[in-house]
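Structure at a glance
The chain contents come next:
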Amino acid sequence: MRLVTSRFLENLKMAFDTLRGNKLRAFLTIIGVVVGVITVMLISSIISGIQLAVEDQIKSFGTRSIFVYKMDIGIRFDRPSREERMRPDLTLEDALALRELSEVETAVPFLNASSGWWGNATIISANGKQTSNINLTGTLPEISVAGTEVVLEGRWFTQAEVDFKKDVCLIGETVKETFYPNESAVGKTLEINGREFRIIGHLEKKAQLLGDQDESNTIYVPFGSALRIKPNADDVFIMAVANEGRIAQAQDQIEDLLRTRRKVAFGRPNNFSTATADSIIDQFNSITAGVAIAMVVISSIGLLIGGIGVMNIMLVSVTERTREIGIRKAIGAKQSDILIQFLIEAGTLTGFGGLIGLAIGWGLSLIIALFFPSYVPYWAPPLGFFASVGIGIVFGLFPAWKAARLDPIESLRYE
Amino acid sequence: MENSNTEDGPNASSAGTAMAKEESLILMKNIWKTYQMGVEELHALRDVSFQVEKGDYLAIIGPSGSGKSTLMNLIGCLDSPSKGTYLINGHLVSEMTDDELARIRNKEIGFVFQTFNLLARATALHNVELPLIYAGVRASERHDRATAALESVELGDRTLHRPNELSGGQRQRVAIARALINNPSILLADEPTGALDSKTSVEIMALFEKLHAAGNTIIVVTHEHEVAERAHRVITIRDGQIEKDERIK
């Protein structure tokens, strides 16, 4: 074993000597590998960064939360189908019914009273400014239990304020920045479609992804008040909070109850959907897995081109060093010695390219991390390195085999 | 060990000779080397037989095309005969695989070439170490032995020079140090002075005599009579056959 390692180190040393003797050629040969590894590093760090950010954001909705909506929840690239859009809306009563379930601690409805796609804008003004571009949501006091929003200053509305449809509201960080950037907003007022609402709370800024809609650009009002602002509002989203550790059971109960309430026939699929933070993260992960496969394919092309370069240069090298091979064989090198020598040389060449690629890729991903959520996942550097070495060995195999098979007499005669 | 193998082999008669001449370092019996040139067969060696005893100093001489290079390649285990039996130091070489031949070349043969055949990029020390690398000798021991070998050819102060920093004579001495590093049975030299001026040639031949005096078996293949005359025995090859085999000292 000791002998094997010493022979390996000896070969490694010879390989380095050879590479040092042909610096420019070695460098040109490994460019393909370098680029391939940089690609792996960059794409993997960007994907990992996005993944982490998405997980953080989804987790911020709570690990006990179950989202219920009439259309399918999750990350989607297609538009909702006609069947989905035609489904009956969820209602306040649905939310209240869910609260009766044994595994559900509470359930909160969110009524969307924002500006619609066509006409009937919800105009909000205060402090001399006016906009319709704010999410207006009607909800119930139990939102405080859900823990998805944190009150920075002030308080949530009370059941009484809900029952009497009081004109009070809590505002997100972005809304505060819009109307009351340099002062406390609590106690001030804002006008929604001409009605004056008292601001009773100011919410903490929510985690946000690049390009995602701003979750902090939201005003919460009591459910009934929202209906008064927009009487035809019917788009209800429910968030249920399961008992600790009972999220799967709660999800089952919710689905059973809603099927009954929405009269879904036995054997028919749900005409609503439920999701948990975990299920959405899973869904996202399956998407990034697809992207990761695409990444592997793309960087494989770079590595493949690098590998062909390596094969080419190793073939040249074998021809150039025919005499050296003859000498080595004359003084006792076996075929396997020559084969291993050239394989190690090829592997060292590309492994070196891999290390350069790792260094550059790491540097670039640190720079990218300044602008975009990204970090180098633990598996990327070893993958990049071993893939590089592997490319060298695979594409070095044919040249090395050719070298090993050379006839010693012919090789010694070679000029 | 190989001897006992041949006893019941197809070459029973030659094995008998091998047993009788067990002391012979080299035993060649009815060696043929045939090359296929298209449909024609070219016999480079025809029925060559001879023995070399341990400690001998033999010159093989002959004009170009006589088959002496072919014979040298066979003696050096770079090639296998088409027909016949070849034993070196008791090893039956004529039926060995490539890897076994490589091992014999490593342990039993020390080559000295006309053009030195040193690795250009490697230092003198590394060149001398190479056979030990393939013999699987550990690095520290390798270094010590190679240094000692270079000192014995009076190149102790040139160990870290590369071949292009050495004179022709010095290069050939590095090659001789390399040839001797594994204590081979035979020092096999192919036109060792062919690329050297006459003064250096004399030095190298003197070194050969010194090595012979120290107990090494030396075989020199050459076409120069001055070189052959230094040997104790001369075999003349012509047309693939031994024309003359005479002891001159």
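One structure accompanies this document, and this report is about it.

1. Quick word on the overall build of chain A
Assigned secondary structure in chain A consists of 14 helices and twelve strands. In terms of C-alpha radius of gyration, chain A reaches 32 Å, well past the compact-globule figure of 22 Å for 415 residues. Along the three orthogonal principal directions, the C-alpha set of chain A runs to about 105 × 55 × 40 Å. Here chain A, with 415 residues, has 47% of them falling under the buried criterion. For chain A, the exposed surface amounts to about 20300 Å²; the carbon and sulfur share of it is 62%.

2. Considerations on the overall build of chain B
Looking only at helices and strands, chain B features nine helices and ten strands. For 249 residues, the compact-globule formula gives about 18 Å, and the C-alpha radius of gyration of chain B, at 18 Å, lands near that figure. In terms of its C-alpha atoms, chain B occupies a principal-axis envelope of roughly 50 × 40 × 40 Å. Buried positions account for 54% of the 249 residues belonging to chain B.

3. Thoughts on the packing of helix H5 (residues 124-135) of chain B against helix H6 (residues 139-152) of chain B
Residue and element names in this part refer to chain B. Closest axis-to-axis distance for the H5/H6 pair is 9 Å, and the angle between their directions is 125°. Regarding the angle of H5 to H6, the classification is oblique. Considering how the two elements wind past one another, H5 and H6 form a crossing that is right-handed. Two secondary-structure elements touch here, H5 through Ala 124, Leu 125, Val 128, Glu 129, Leu 132 and Ile 133 and H6 through Arg 142, His 143, Arg 145, Ala 146, Thr 147, Ala 149 and Leu 150. Across the contact of H5 with H6, the residue classes break down as eight nonpolar, two polar and three charged.

4. Here we look at the sheet that holds strand S7 (residues 186-190) of chain B
All names here are of chain B. With mixed pairing, the six strands of this open sheet are ordered in space as S6-S7-S8-S3-S9-S10. The sheet is open, and its two edges are formed by strand S6 (109-112) and strand S10 (241-247), each paired on a single side. Mean inter-strand twist for the sheet, computed between neighbouring axes without regard to direction, equals 20°. Pairing of strand S9 (residues 233-238) with S10, which is carried by six bridges, proceeds in the antiparallel orientation. By the bridge assignment, Arg 238 is partnered in S10 with Gln 241.

5. A look at the interface of chain B and chain A
In this assembly, 24 residues from chain B lie in contact with 25 residues from chain A. Surface buried jointly by chain B and chain A totals about 2300 Å² across both partners, of which 56% is contributed by carbon and sulfur atoms. Across the contact surface, chain B and chain A share one salt bridge. Ionic pairing is found between B:Arg121 and A:Glu324, a salt bridge with its closest N-O pair at 3.6 Å. The tally of links from chain B across to chain A stands at seven residue pairs in polar contact (both at pLDDT 80 or more). Within the side of chain B that touches chain A, the residues separate by chemical class into ten nonpolar, six polar and eight charged.

6. Regarding the pattern of salt bridges
Per the counting criterion, the structure on display carries 28 salt bridges over all chains. In this structure, A:Asp167 and A:Arg195 form a salt bridge, with 2.9 Å as the shortest nitrogen-oxygen distance. Of this pair, A:Asp167 sits in the loop between helix H6 (159-163) and strand S7 (168-171) while A:Arg195 sits in strand S9 (residues 195-203); the two residues are 28 residues apart in sequence, bridging distant segments of the chain. Among the charged side chains, a network of salt bridges with common partners joins A:Arg321, A:Glu324, A:Arg328, A:Glu345 and B:Arg121.

7. Digging into the layout of surface pockets
Taken as a whole, the second largest pocket encloses approximately 820 Å³ of empty space. Along the wall of the second largest pocket there are 38 residues; nearest its centre are A:Glu324, B:Leu119, B:Ala120, B:Arg121 and B:Ala122. Here the lining of the second largest pocket gets six residues from one element, more than from any other, and that element is helix H1 (residues 2-21) of chain A. Of the residues that constitute the lining of the second largest pocket, the class distribution is 14 nonpolar, ten polar and 14 charged.

8. Quick word on the pairing of strand S3 (residues 57-61) of chain B
Residues and elements named next belong to chain B. Counting buried positions over the five residues of S3 gives five, a clear majority of the element. Here four bridges tie S3 to S9, and the two strands are oriented parallel to one another. Bridged to Ala 59 within S9 is Val 234.

9. What to know about the pairing of strand S2 (residues 104-112) of chain A
Residues and elements named next belong to chain A. The element S2 is extensively covered by neighbouring structure, given that seven of its nine residues are classed as buried. In this structure, S2 lies alongside strand S5 (residues 135-139), joined through two bridges in antiparallel fashion. Paired with Leu 111 across the bridge in S5 is Gly 138.

10. Here's the deal with the packing of aromatic side chains
If you walk through the whole model with that rule in mind, you get nine aromatic pairs over all chains. Chaining the aromatic ring pairs together yields one cluster made of A:Phe67, A:Tyr69, A:Phe110, A:Trp156, A:Phe157, A:Tyr220 and A:Phe237. The ring of A:Tyr180 is capped by A:Lys188, whose NZ or CZ atom sits 5.7 Å from the centre of that ring. Lying over the aromatic face of B:Trp32, B:Lys83 brings its terminal NZ or CZ to 4.8 Å of the ring centre.

11. Considering a negative patch on the surface
On the surface, a cluster of negative charge is made up of A:Asp407, A:Glu410, B:Asp98, B:Asp99 and B:Glu100. The residue B:Asp99 is located in helix H4 (residues 98-108) in this model.

12. Some points on helix H3 (residues 68-75) of chain B
Residue and element names in this part refer to chain B. Of all eight residues that make up H3, seven are buried, and the element is covered over most of its length. Buried within H3 are the following residues: Lys 68, Thr 70, Leu 71, Met 72, Asn 73, Leu 74 and Ile 75. Once H3 ends, the next one or two residues include Cys 77, with phi positive near 60°.

13. Side note on the side chain of B:Ser201
Residue and element names in this part refer to chain B. Tracing the backbone through its elements, the reader meets Ser 201 in helix H8 (residues 198-213). Owing to a relative accessible area of 13%, Ser 201 belongs among the buried residues under this scheme. If sequence neighbours within four positions are ignored, Ser 201 has contacts with Thr 193 and Leu 196.

14. Quick look at a nonpolar patch on the surface
Residues A:Leu24, A:Phe27, A:Leu28, A:Ile31 and A:Val35 make up a contiguous nonpolar surface patch of about 490 Å² in total accessible area. Structurally, A:Leu24 can be placed in helix H2 (residues 23-59).

15. With respect to empty space enclosed by the protein
All names here are of chain B. In the structure shown here, the tally under the stated rule is three cavities of 30 Å³ or more. Space inside the second largest cavity adds up to approximately 60 Å³. Elements that contribute at least two residues to the lining of the second largest cavity include exactly H4, S6 and helix H7 (168-180). With three residues, the top contributor of residues to the lining of the second largest cavity is S6.

Here is what the cut-offs are and how they apply
- Residues numbered from 1 in each chain as written.
- Chains lettered and ligands numbered in written order.
- Predicted model: local features only at pLDDT ≥ 70, side-chain atom pairs only at ≥ 80, totals over all residues.
- Heavy atoms only, no water.
- Helix = DSSP H or I, 4+ residues; strand = E, 2+ residues; numbered from the N terminus.
- Rg over C-alpha atoms; globule rule 2.2 N^0.38 Å.
- Buried < 20%, exposed > 50% of the residue type's maximum accessible area, 1.4 Å probe, protein only.
- Areas by Shrake-Rupley, 256 points an atom, 1.4 Å probe, with all protein chains shown as cover.
- Axes fitted to C-alpha atoms, helices over the stretch in contact; angles between N-to-C directions.
- Parallel < 35°, antiparallel > 145°, perpendicular 65-115°, else oblique.
- Left-handed = near helix turned anticlockwise from the far one by under 90°.
- Contact = heavy atoms within 4.5 Å.
- Nonpolar A, V, L, I, M, F, W, Y, C, P; charged D, E, K, R; others polar.
- Pairing = 2+ DSSP bridges.
- Buried area = accessible area lost by both parts, 1.4 Å probe.
- Salt bridge = Lys/Arg side-chain N within 4 Å of Asp/Glu carboxyl O.
- Polar contact = N/O pair within 3.5 Å; in protein donor to acceptor, adjacent residues only side chain to side chain.
- 1 Å grid on protein atoms, 1.4 Å probe; cavity = no way out; pocket = protein on both sides within 12 Å on 5 of 7 lines; lining within 4 Å.
- Points joined across faces, edges and corners; volume = space filled by probe spheres on them.
- Phe/Tyr/Trp six-rings, centres within 6.5 Å; stacked < 30°, edge-to-face > 60°.
- Lys NZ or Arg CZ within 6 Å of the ring centre and 35° of its normal.
- Patch = residues over 30% accessible without salt bridge, like charges linked within 9 Å, V, L, I, M, F, W, Y side chains within 5 Å.
- Lys, Arg positive; Asp, Glu negative; His and termini not counted.
- Charge placed at Lys NZ, Arg CZ, Asp CG, Glu CD.

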